[in-house]
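# Commentary on secondary and tertiary structure
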Amino acid sequence: MKLIRFIFALGLTLTFFFYLNFKQGKVPPLGSFLSPFTGFWQNGETEGLSIPASLEAGQLSNPVTIKFDDAYIPHIFAQNDYDVYFAQGYVTAFHRLWQMEFQVLAAAGRTAEIVGKSQLKFDRIQRRKGLAYGAKRSLEAAQKDPEIMNMIQGYTDGINYLIDELDYADYPIEYKLLDYAPESWTNLKVMLLLKNMADMLSRGENDLENTNALQVFGLEGFNKLFPESYVDIDPVIPKGTDWGFDSAPIEQPQVTFPQVFTSETIDKPDPRNGSNNFVVSAERTANGKVLLANEPDLSLNLPSIWYVVQLNAPGINTMGASLPGAPNVIIGFNDSIAWGLTNAKRDVVDWYNINFRNNKREEYQYDDKWLKTEKVVERFEVRESEDFYDTIVYTHYGPLTYDRNFLGDSNKVNLAMKWTAHEGSRELKTLYRVNRAKNYDEFLDAFKYYTGPPQNFAFASAHGDIALTIQGKFPKKWQGQGKFLLDGRDSRQEWSSIIPYEHNATVKNPERGFVSSANQHPVDSTYPYYAYDYNYEFYRNRRINDRLKLLNRVTVKDMIRLQNDNYNYRASESLPLMLDYLDTTNMTSEKDKIYHLLKQWDYFAEPEWIAPTVYQVWWDVLYELIWDEFDSQELKLSKPHVFNTIHIMTNDSSSKFFDIQATPTKETLDELVNISFVSAMETLQKWKDENESEYAWYLYKNTRVKHLLGLEPFSFDQVKIGGYNNIVNAASGRHGPSWRMVVELDVEGPKAWGIYPGSQSGNPGNPTYGHMIEGWATKNYVPLLFLNSPSEESERVIYSQTLQSEN
């Protein structure tokens, strides 16, 4: 025990010195922080689970039993909806309270209250994106539905039950380090958490960068650099699918786009935010049972994005990954079905140039009318500084994100953001029903309430059905609408209507015996509606489908192997071309050795191999040389996709883009390949000298699971795992599989396995903190214990807690 406390104290001492540098302001009151009775010492735990065996909660109608298994997963048994969600809120907050609140404060644009002035720009962006605006509208929509409000209120009350019992000694360590206290939870915070996920998953777009690129390169050049599609795509919904409906195409009006250009844009979500899911029919599996696998690829954070839970009450017996801060299971299974999500690549954000009547900004032009604006003065509390005020102007499109007060180039740029996440959404109603669905029809019917974020929902049932449906609230658009900045004066450039949810692309029980998605094109050209996104995946989807086409008598182990597949499809299509152009006549022995290493490489990015490192460094240098034209532009631009880069290298080797702008000579592709190879070898030698180590792939890419505050003692680095982005095992530096799940369904009950890079506990002082990271890296999944009643016995149950009602 003394050793554990010493190690923990040492870690916190290191953290404290880091914190002094991180916070750059007032340190926490040292008396309280260092007190052995109330300070950071109290966050050191000697057991994985320290929780009272029985508590009394007056809000409950009946007693609730919570059983914890050996993976510290809670299994909640209640007798009504309110009680089961009360217990979910309580137990999630017990393990993750600081994470829940900090994420919500970030969504609301309130981090400057905690950290200080350095966060003010971030907070202003958050509010100007309209996350709180959308959350308030979603709460208003929920308040019209008693069933959903009962669920939200139960969850909120459970969190506050825990908060009300805390004193300073009980606070998670992050509160003590940053010297603040938890607030009461509210129903609005649930909605903010969901909008935060929508921000992460659906706000990606390139409209302003595309507008700039169109100006720089012209229409022909733009279409060559940023094509919408290719002849041989492998879409989410298989080619040849019968849509089962007809829809007249939307006629493209003769419009002109605003000639307004931007030199700076707000940060975008990580373009690697994606996922894989796939389902194999009973006819294709070894034991005749349907198999479903899911893996959402997101930032690798501690505390972890997900929290695993089982919810059991009348009408529900569901288990899987939940989001700390929101009720329900997001990705999971019940005794009849399983489902998994990947990000659907659909454009649901558009920008409109606003023309005000005058500098008062009280009216803006819309066709031949002048519409009224709404102005909201936002107050920002800033720690150890004066409050800051920002006036945000709202139009019927949405908030002005760019204007004279923020990134608007004085008065030249006034851009309003239209985003489906601003609307009053009812995704909690969808999740509530999906958690309880018993078959495909009930599952699909749940999506009539769903707005977003757009997702590819994979489905499997114990009775043998498999399906994949692309769900979200998708605007009907004419060809090209939303690729560029739109004119807010012209009603023809506004969304005309929404695609009926019955027309959302879906496939059920396809002949090939499997469904899959990995963030690629959603549909082929036969789909009646225009579908566009700026950033499709082209590699993971093909690798998954190639393997599933070849595999027969599929097993759970096959599904796990495929989730962890390290084959670099991108390298297989680019490296042979690069090697062909490489001049080997005068190579040094060291470079010749590297050349032959790459020639012999089988394209698997295994953790300890050298070849994946060499390829990636070489490719990165080559890519930057090819697109050096983009670096000299004053306007904000995005560079072409790697897939299109390789497409141009393969099909247009004389392209003008292979010329290096900074030299007087005109370079060719073969020269760029050779120049980049030499530069890559220098980069690798420098890394080797600085690190005194061979550049094994896992060491060089350094997959790391970081604490949300960036605190090194609370983080894990150099995780020994292969893969990379564009690989099925998408573990890159700070991004990768955030939850892996495989479910086997049968009428006798489900079996499931899961793992994620973290732990149920968010406390760095808990001995289980981050304990699943090794299993995550080594394909050692946790069998998920699925209980049917509180009285069911299992040797894996290590602790039971009862929340007593006063009745």
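Residues numbered from 1 in each chain as written. Predicted model: local features only at pLDDT ≥ 70, side-chain atom pairs only at ≥ 80, totals over all residues. Heavy atoms only, no water.

## Considering helix 5 (residues 131-142)
The line we're drawing: Put simply, DSSP marks the helices as runs of H or I at least four residues long and the strands as runs of E at least two long, and each gets a number from the N terminus on. Take the number of residues in a helix, subtract one, and multiply by 1.5 Å to get its expected span. Burial classification: accessible surface area is computed with a 1.4 Å probe over protein chains only, and a residue below 20% of its type maximum counts as buried, one above 50% as exposed, and the rest as partly exposed. Each C-beta atom gives one direction from the helix axis, and the arc is the one those directions make.
The end-to-end C-alpha distance of helix 5, which contains 12 residues, comes to 16 Å, matching closely the 16 Å that a straight helix rising 1.5 Å per residue would cover. Every buried residue belonging to helix 5 is among Leu131, Gly134, Ala135, Ser138, Leu139, Ala141 and Ala142, and all of these are buried. Seen end-on, helix 5 carries its buried residues on one side only, within an arc spanning 155°.

## Some details on the packing of aromatic side chains
Any aromatic ring pair is given by two values, namely how distant the centres are and how the planes are angled relative to each other. Where we set the bar: Within 6.5 Å between ring centres, the rings of Phe, Tyr and Trp (the latter by its six-membered ring) count as paired, and their orientation is classed by plane angle as stacked under 30 degrees, edge-to-face over 60, tilted in between. Put simply, a charge is over a ring when the Lys NZ or the Arg CZ is close to the ring centre, within 6 Å, and near the line of the ring normal, within 35 degrees.
Considering all chains together, one arrives at 47 aromatic pairs under this definition. Note on phenylalanine 222 and phenylalanine 226: the rings are 5.2 Å apart at their centroids and 40° apart in plane angle, and the pair reads as tilted. Grouping residues by exposure puts phenylalanine 222 and phenylalanine 226 together as buried. On the basis of an interplanar angle of 0° and a centroid distance of 6.4 Å, the ring pair of tyrosine 530 and tyrosine 532 is categorised as stacked. Of the residues examined, tyrosine 532 reaches a relative accessible area of 9% and is grouped as buried. Through pairs of rings, three or more aromatic residues link up here, namely Phe217, Phe222, Phe226, Phe257, Phe484, Trp627, Phe630 and Phe657. Its end group placed over the ring of phenylalanine 474, arginine 346 keeps NZ or CZ at 3.9 Å from the ring centre. When the ring centre of tyrosine 569 is taken as origin, the NZ or CZ atom of arginine 542, which lies over that ring, is 4.4 Å away.

## Description of the packing of helix 16 (residues 611-626) against helix 18 (residues 669-691)
Heads up, the rule is: For helices, the fitted axis covers only the stretch in contact; all axes are lines through C-alpha atoms, and the angles between them, taken along N-to-C directions, range from 0 to 180 degrees. Geometric relationships in this document are graded by angle, where less than 35 degrees denotes roughly parallel, more than 145 denotes roughly antiparallel, 65 to 115 denotes roughly perpendicular, and other angles denote oblique. Each crossing is labelled by how the near helix is turned from the far one, with a counterclockwise turn of less than a right angle marking it left-handed and a clockwise turn marking it right-handed. Here, residues are in contact when the closest pair of their heavy atoms is within 4.5 Å. Gly counts as polar in this scheme, as do all residues outside two lists: the nonpolar Ala, Val, Leu, Ile, Met, Phe, Trp, Tyr, Cys and Pro, and the charged Asp, Glu, Lys and Arg.
Contact geometry of helix 16 with helix 18 gives a least axis separation of 8 Å together with a crossing angle of 130°. As judged from the angle between their axes, helix 16 and helix 18 are oblique. For the crossing formed where helix 16 meets helix 18, the hand is right-handed. Within the contact between the two elements, helix 16 uses Thr613, Val614, Val617, Trp618, Val621, Leu622, Leu625 and Ile626 and helix 18 uses Leu672, Val673, Ile675, Ser676, Phe677, Ser679, Ala680, Met681, Thr683 and Leu684. Residue classes in the contact of helix 16 with helix 18 are distributed as 14 nonpolar, four polar and no charged.

## A closer look at empty space enclosed by the protein
Where empty space is left in the structure can be found by rolling a water-sized probe over the atoms. Selection rule: A cavity here means a set of 1 Å grid points, computed over protein atoms only, where a 1.4 Å probe fits but cannot escape. A pocket is an open set with protein on both sides within 12 Å along at least 5 of 7 lines, and lining residues have an atom within 4 Å of a point. Grid points are joined across faces, edges and corners, and a volume is the space filled by probe spheres set on the points.
Summed over all chains, the structure comprises seven cavities of 30 Å³ or more. Put simply, the largest cavity is a space of about 280 Å³. Contributing to the lining of the largest cavity are 22 residues, with Leu201, Ile330, Leu341, Pro453 and Gln455 lying nearest its centre. Residue assignment for the lining of the largest cavity shows that the elements contributing at least two residues are helix 8 (187-202), strand 4 (274-280), strand 5 (290-299), strand 10 (337-343), helix 10 (427-436) and strand 18 (455-461). Here the lining of the largest cavity is built from residues that sort into 14 nonpolar, seven polar and one charged. For the second largest cavity, the calculated volume is near 150 Å³. What lines the second largest cavity is a set of 15 residues, among which Leu201, Ser202, Gly204, Asn343 and Lys345 lie closest to the centre.

## Focus: unusual backbone geometry
Of the consecutive residues leucine 302 and proline 303, the connecting peptide bond is found in the cis state with omega at -10°. Mapped onto the fold, proline 303 is located in the loop between strand 6 (301-302) and strand 7 (307-313). A cis amide bond links glycine 452 with the next residue in sequence, proline 453, at an omega value of 5°. Inspection of the secondary structure puts proline 453 in the loop between helix 11 (440-445) and strand 18. Despite not being glycine, tyrosine 72 has its phi angle at roughly 65°, a positive value. Tracing the backbone through its elements, the reader meets tyrosine 72 in the loop between strand 2 (64-69) and strand 3 (74-77). At asparagine 726, a residue that is not glycine, the phi angle is positive and equals roughly 75°. With respect to the secondary-structure elements, asparagine 726 resides in the loop between strand 23 (706-707) and strand 24 (735-737).

## A short note on the side chain of asparagine 187
The topology assignment puts asparagine 187 in helix 8. Sequence-distant contacts of asparagine 187, that is, excluding residues within four places in its chain, are made with Leu139, Met149, Ile152, Gln153 and Thr156.

## Re the pairing of strand 17 (residues 415-419)
The following threshold applies: Paired strands, in this sense, are two strands between which DSSP finds at least two bridges.
Counting buried residues along strand 17, five of its five residues qualify, which places the element largely inside the surrounding structure. Of the two faces of strand 17, the one carrying Leu415, Met417 and Trp419 and the one carrying Ala416 and Lys418 are both buried. Bridge count between strand 16 (residues 400-402) and strand 17: two bridges; the pairing is antiparallel. By the bridge assignment, tyrosine 402 is partnered in strand 17 with leucine 415.

## Here we look at the side chain of glutamate 209
Quick note on the threshold: Any N or O atom pair separated by 3.5 Å or less is treated as a polar contact, with the protein-specific requirement of one donor-capable and one acceptor-capable atom, and with residues adjacent in sequence counted only for side-chain atom pairs.
Here glutamate 209 is to be found in helix 9 (residues 207-225). Judged by its relative accessible area of 4%, glutamate 209 falls in the buried class. Only 3.0 Å separates the side chain of glutamate 209 from the side chain of threonine 265, close enough to count as a polar contact. A polar side-chain atom of glutamate 209 sits 2.5 Å from a polar atom in the side chain of lysine 268. If near-sequence neighbours (up to four positions away) are discounted, glutamate 209 is found in contact with Thr265, Lys268, Lys636, Leu637 and Ser638.

## Structural notes on the environment of glutamine 471
Inspection of the secondary structure assignment puts glutamine 471 in strand 19 (residues 466-471). Overall, glutamine 471 belongs to the buried group, its relative accessible area being 1%. For the pair glutamine 471 and threonine 256, spaced 215 residues apart in the sequence, the C-alpha separation amounts to 31 Å. Excluding residues within four positions of it along the chain, glutamine 471 makes contact with Leu444, Phe447, Tyr450, Pro453, Pro454, Gln455, Phe457, Tyr501, Asn504 and Thr506.

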